[in-house]
Amino acid sequence: ENGIVRPKGINVSFHLNPEIEQHHFGHSHPMKPWRLTLSKGLIISYGMHAAMDTYVARQATEEEMEDFHTTDYLDYLRTAEVAIPDDSEEKPHNLGGSDCPIFEGLFDYCALYSGASIDAARKLCNGQSDIAINWSGGLHHAKKNEASGFCYANDIVLAILQLLRQHPRVLYIDIDVHHGDGVEEAFWSTDRVLTVSLHKYDPVCFFPGTGDLERNGPQSEDNPGAHHAINVPLNDGIDDDQYIYLFETVVGRCVDKFRPTAIVLQCGADSLAGDRLGRFNVQVQGHGACVSYCKSLNLPLLLVGGGGYTPRNVARAWAHETSIAIGCSDTIDPEIPLHTPYREHFRHTTLFPTLEQILGEPKPNKNSPKKIQDIVEHITEQLRFVNA
Ligand code: VJV
Ligand code: CA
Ligand code: ZN
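Residues numbered from 1 in each chain as written. Chains lettered and ligands numbered in written order. Predicted model: local features only at pLDDT ≥ 70, side-chain atom pairs only at ≥ 80, totals over all residues. Heavy atoms only, no water.

(A) Structural detail: the site of ligand 1. Looking at ligand 1, there are 21 residues lining it, with Asp 99, His 140, His 141, Asp 270 and Tyr 309 nearest. Between ligand 1 and Asp 99 there is a distance of 2.6 Å, counted from a nitrogen atom to a side-chain nitrogen or oxygen. At 3.2 Å, a side-chain N or O of Asp 176 approaches an oxygen atom of ligand 1. Residues that form the shell around ligand 1 fall into these classes: eight nonpolar, 10 polar and three charged. (Near = heavy atom within 4 Å. Polar contact = N/O pair within 3.5 Å; in protein donor to acceptor, adjacent residues only side chain to side chain. Nonpolar A, V, L, I, M, F, W, Y, C, P; charged D, E, K, R; others polar.)

Written as structure tokens, this is what we have:
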């Protein structure tokens, strides 16, 4: 089908569970698990499933989730009663407000996306996969004892903990438009995980308000994790050229100094132009270039999803990135196949719409060349303290 063949020598596993897609955060909530249905439909219509090992994820057990989360929080998550979101008071474990509503099947949803990321990490550990993909994961804000920013269980932390059983050093990279605060904080105190997040940074007006350039981990004498958090704070309107330059320069230097033995890339698609919550001018090509660069490092690679609030663009990005993983991105037809489910939902018939097609008028780019150079210089300085 479509000339897709299984790549020789490189194994890609695809972890999903259609049950995840059935959950609803509530009327007009920006997080729509249905975007996973749209993405999968596009991936299958291109025939890409034939080039991967597909696994239907099982639920993570409570014991597995306790590797990071408190028993108290998990018990609350499992037993919380469905309620109309209410922001009027502080809630136990930050559950039940409009960002993190309590909806039907909440615990199953969390256990399923966590199970998929844990399974994916195990495939990398036992060498059955070179690249493992879970587009339903990537929920980087969840804390050990509370929900935050649409995230309830932190599947990324759970997956990295699996990788650390086999791997001395794991590099975590986060291209979601939001700061990857939950993952950063979880590995604050170890030098075995280097976290890197690129994000829109505005301490007042943009969630979660953290992630300035100077935030590099608690700087105490006895903290091995000091300097092992890298933040790339950006302004509105960053374009592909600047984004790719920063990604390759920063990640390249991190790899040189830290010498990771495995990489986790959170591919939040809210950094794309035209996202309902995002502010950047990054295109499907620029977003995908980050995946290509990580793949070129030839290390075990876990790809997870994350944010992404304009489903047609999320589906384009994650289908393109799946094609990069299996090595057919140069050969597939950029015209969305005629038999793609919900094809009319994509508005344009190409995988790679132009900024004009997406936005009409592109957003002004508020990132000066000097700002980009200052970021690279600060991070280069910071990495002097990082050694393999
Ligand atoms: O900015 C916030 C927090 C508030 C309090 C709650 N109100 C609703 C919004 C302002 C300060 N939260 C952010 C959370 C973003 C989470 C991003 C997650 C990820 O992409 O990084 C990873 C998956 C926020 N931004 C926008 C909204 N919340 C938002 C929430 C809604 C909504 C519209 C916007 C919730 C329900 C409904 N509309 C109906
Ligand atoms: Ca980020
Ligand atoms: Zn986000």
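Picking up where we left off.
(B) Molecular detail of the nonpolar core. Of all hydrophobic cores here, the largest spans 117 residues; its most connected members are Tyr 152, Ile 160, Phe 247, Leu 265 and Leu 303. No other element matches helix 5 (residues 106-125), which puts 12 residues into this core. (Core = buried A, V, L, I, M, F, W, Y, C linked by side-chain atoms within 4.5 Å. Buried < 20%, exposed > 50% of the residue type's maximum accessible area, 1.4 Å probe, protein only. Helix = DSSP H or I, 4+ residues; strand = E, 2+ residues; numbered from the N terminus.)

(C) Just the coordination of the zinc ion (ligand 3), in detail. The protein atoms that coordinate the zinc ion (ligand 3) are Asp 176 (OD), His 178 (ND1) and Asp 270 (OD), at distances of 1.9 to 2.0 Å. Each donor residue of the zinc ion (ligand 3) belongs to the same chain, and together they define the spacing D-x1-H-x91-D. In this pair, His 178 is assigned in the loop between strand 4 (170-174) and helix 7 (181-186) and Asp 270 in the loop between strand 7 (262-266) and helix 9 (284-296), connecting sequence segments 92 residues apart. Of the two residues examined, His 178 and Asp 270, each falls in the buried class. (Donors = N, O, S within 2.8 Å, 3.2 Å for Na, K, Ca; no water.)

(D) Representation of helix 8 (residues 240-258) within the structure. Its 19 residues place the ends of helix 8 26 Å apart at the C-alpha level, agreeing with the 27 Å of an ideal helix rising 1.5 Å per residue. All buried positions along helix 8 are accounted for by Asp 240, Gln 242, Tyr 243, Leu 246, Phe 247, Thr 249, Val 250, Val 251, Gly 252, Cys 254, Val 255 and Phe 258. In this fold, the buried residues of helix 8 make contact with strand 4, strand 5 (193-200), strand 6 (229-234), strand 7, helix 9 and helix 12 (369-382). Directly after helix 8, the chain includes Arg 259, whose backbone phi takes a positive value near 50 degrees. (Expected span 1.5 Å × (residues − 1). Contact = heavy atoms within 4.5 Å.)

(E) Layout of the coordination of the calcium ion (ligand 2). For the calcium ion (ligand 2), the full set of protein donor atoms is Asp 174 (O), Asp 174 (OD), Asp 176 (O), His 178 (O), Ser 197 (OG) and Leu 198 (O), and the range of their distances to it is 2.4 to 3.0 Å. Its six donor atoms give the calcium ion (ligand 2) angles of 70 to 167 degrees at the centre, a pattern that matches the irregular case. One chain supplies every donor to the calcium ion (ligand 2), and in sequence these donors are spaced D-x1-D-x1-H-x18-S-L. Across the pair, His 178 and Asp 174 agree in class, each one buried. (Tetrahedral: all angles 85-135°; square planar, octahedral: opposite > 155°, others 65-115°.)

(F) Expanded view of the packing of helix 2 (residues 34-45) against helix 10 (residues 311-326). The N-to-C vectors of helix 2 and helix 10 enclose an angle of 45 degrees; their axes lie 8 Å apart at closest approach. On the basis of the axis angle, helix 2 is oblique to helix 10. Judged by the sense of rotation from one axis to the other, the crossing of helix 2 with helix 10 is right-handed. Contacts between helix 2 and helix 10 involve Trp 34, Arg 35, Leu 36, Leu 38, Ser 39, Leu 42 and Ile 43 from the former and Pro 311, Arg 312, Val 314, Ala 315, Arg 316, Trp 318, Ala 319 and Thr 322 from the latter. Per-class residue counts for the contact of helix 2 with helix 10 are 10 nonpolar, two polar and three charged. (Axes fitted to C-alpha atoms, helices over the stretch in contact; angles between N-to-C directions. Parallel < 35°, antiparallel > 145°, perpendicular 65-115°, else oblique. Left-handed = near helix turned anticlockwise from the far one by under 90°.)

(G) Inspection of the environment of Pro 233 at higher detail. Inspection of the secondary structure assignment puts Pro 233 in strand 6. We classify Pro 233 as buried; its relative accessible area is 7%. Each C-alpha atom of the pair Pro 233 and Thr 261 lies 26 Å from the other, and the pair is 28 residues apart in sequence. With near-sequence residues (within four places) excluded, Pro 233 lies in contact with His 199, Tyr 201, Gly 211, Asp 212, Leu 213, Lys 371 and Ile 375.

(H) A look at the packing of aromatic side chains. Scanning the model with the defined rule gives 11 aromatic pairs in all. For the ring pair Phe 25 and Tyr 109, a centre distance of 5.7 Å and an interplane angle of 90 degrees mean the geometry is edge-to-face. With Phe 25 in the loop between helix 1 (18-21) and helix 2 and Tyr 109 in helix 5, this residue pair connects regions lying 84 residues apart in the sequence. Each member of the pair, Phe 25 as well as Tyr 109, carries the same accessibility label: buried. (Phe/Tyr/Trp six-rings, centres within 6.5 Å; stacked < 30°, edge-to-face > 60°.)

These values are about where atoms sit, not about what they do.
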